[in-house]
Amino acid sequence: MRILVINSGSSSIKYQLFDMERGEALCGGIVERIGLEMGRVRHWALGDGGRREWVEERPVPDHRLGLAIVAGLLIDAEKGAVRSPDEIDAVGHRVVHGGERFSQTTRITDEVIDAIRELIPLAPLHNPANLKGVEVAREIFPRAEQVAVFDTAFHQTMPPRAYRYAIPTRFYEERGVRVYGFHGTSHLYVSKVAARHLGKPLASCNLITAHLGNGASIAAVERGRSVDTSMGFSPLPGLMMGTRSGDIDPAVVFHLHQALGLSLAEIDRMLNKESGLLGVCGSSDMRDVEARFHAGDADARLALEMYAYRIKKYIGAYVAALGRVDALVFTAGVGENSALVREMACRGLESLGIVLDLTRNNGPMSGEATAIHAGESAVEILVIPTNEELEIALQTRALVEPSPA
Ligand code: ADP
């Protein structure tokens, strides 16, 4: 079975074509700068001689042409992996916001498209771009089943005490103002891998999963189900991120508006694009922050300390929420690669049964999961590379080809 995974953003389309029998992607890439004067297409494919890559600059005025270019690459004799778009059995779409309506991966129908459109007020940046990908893919791959995998779905199991905000109920009931949480596909994927590593069914695992990429969120997973997470109504709250502030007193917004005259749009941009690591030390990329920290830069040190302290506080909170924790999982760019962040975030958590092995933490990572805890640690500490595209492909397959009972 061949499944194409599409992540359609406002100015880019990321894609991977999976061979589900082999359980791996055969080719993939990204079409970037859609709608700008000059676009760029980066494509890779597995061949006999290993992985090959191509980059082409060309104007890509809209998503329709962007996806047509992708379709052309997929059937290219040298760069592609199928002979015709009809060989693609299903297309799995990443859709950011499923609201309360979608708690499961869902076959896309006209009615589902309407429902995703109705959720645009909750995700004004993401859902319209995701929908564009869906609409164009239905035209270009008319024979393929189209499936939506929602970033919010995994967190729909949270209890009301975790997802409600303590504001008047009408804002929840009439406007859907509540915690939704994001990165659900990644939290679920690493939870499944952690369960395999622990040798237990996911339904009996209690986990804390820290997805630390450019965006960052942490989740409390009880018996395989998300019961709390650090992002909220939007992807802004919670952990400190590359350019997002994470948790902040909402009164700061009123103050900046009233005392400094900043507009709401300016404050929005500041909190989402100019804050986090970038706001505190001037670099949003953790590799740069670490390099500056090692060179003795005080701002980079403060940014790292704040970043790690926030993670540590959430770990403590989620130990309290869960009671018993089988494993703490680090994933995504920073979580998988920064031994320094992992060490700083775990330092002082020994009384909670979380004890890092410094040698293992700094050693090589291998395979699906690498254990980095000390022998006496009650909680396993695991580094697990995330693979959201594979999880989308797996969920798409599970929906279109249910395994025999
Ligand atoms: P995205 O949210 O865009 O998918 P990623 O999961 O790729 O992000 O994570 C990007 C972050 O990971 C960046 O801050 C980057 O600096 C960080 N990162 C990647 N490699 C390393 C590394 N070797 N050491 C420290 N940080 C790293």
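Residues numbered from 1 in each chain as written. Predicted model: local features only at pLDDT ≥ 70, side-chain atom pairs only at ≥ 80, totals over all residues. Heavy atoms only, no water.

Asks: Just checking my understanding: could you explain the site of the ligand for this structure?
Replies: With respect to spatial proximity, the complete set of residues near the ligand consists of Gly 213, Asn 214, Gly 215, Asp 285, Met 286, Arg 287, Glu 290, Ala 332, Gly 333, Val 334, Asn 337 and Ser 338. Here Arg 287 contributes a backbone N or O atom positioned 3.3 Å from an oxygen atom of the ligand. In the complex, 67% of the free accessible area of the ligand, which totals 580 Å², lies under the protein chains. If one sorts the elements of the shell around the ligand by residue count, helix 12 (residues 332–337) sits on top with four residues. The class makeup of the residues in the shell around the ligand is three nonpolar, six polar and three charged. (Near = heavy atom within 4 Å. Polar contact = N/O pair within 3.5 Å; in protein donor to acceptor, adjacent residues only side chain to side chain. Areas by Shrake-Rupley, 256 points an atom, 1.4 Å probe, with all protein chains shown as cover. Helix = DSSP H or I, 4+ residues; strand = E, 2+ residues; numbered from the N terminus. Nonpolar A, V, L, I, M, F, W, Y, C, P; charged D, E, K, R; others polar.)

Asks: For this particular structure, what's the right way to read the pattern of salt bridges?
Replies: Charged atoms that come close allow side chains of opposite charge to pair. For the structure on display, the rule yields 25 salt bridges. For Arg 40, the salt bridge identified is with Glu 32, shortest N-O distance 3.2 Å. Owing to a relative accessible area of 17%, Glu 32 belongs among the buried residues under this scheme. Among the charged side chains, a salt-bridge network with shared partners connects Glu 32, Arg 40 and Arg 42. (Salt bridge = Lys/Arg side-chain N within 4 Å of Asp/Glu carboxyl O. Buried < 20%, exposed > 50% of the residue type's maximum accessible area, 1.4 Å probe, protein only.)

Asks: What should I look at first to understand helix 3 (residues 126–140) in this one?
Replies: Helical geometry: 3.6 residues make up each α-helical turn, so side chains three or four residues apart lie on a common side. Its 15 residues place the ends of helix 3 21 Å apart at the C-alpha level, agreeing with the 21 Å of an ideal helix rising 1.5 Å per residue. Every buried residue of helix 3 is listed here: Asn 127, Ala 129, Asn 130, Leu 131, Gly 133, Val 134, Val 136 and Ala 137. Taken together, the buried residues of helix 3 touch strand 1 (2–8), helix 1 (63–74), strand 6 (90–95), helix 2 (110–118) and strand 8 (145–150). (Expected span 1.5 Å × (residues − 1). Contact = heavy atoms within 4.5 Å.)

Asks: It is not clear to me how unusual backbone geometry should be interpreted in this structure. Could you clarify?
Replies: Residues apart from glycine generally show negative phi values, whereas peptide bonds are mostly found in trans. If you check the backbone angles, Arg 33 has positive phi at about 55° while not being a glycine. Inspection of the secondary structure puts Arg 33 in the loop between strand 3 (24–32) and strand 4 (39–47). For Arg 33, a relative accessible area of 31% corresponds to the partly exposed category. If you check the backbone angles, Ala 332 has positive phi at about 75° while not being a glycine. Here Ala 332 lies in helix 12.

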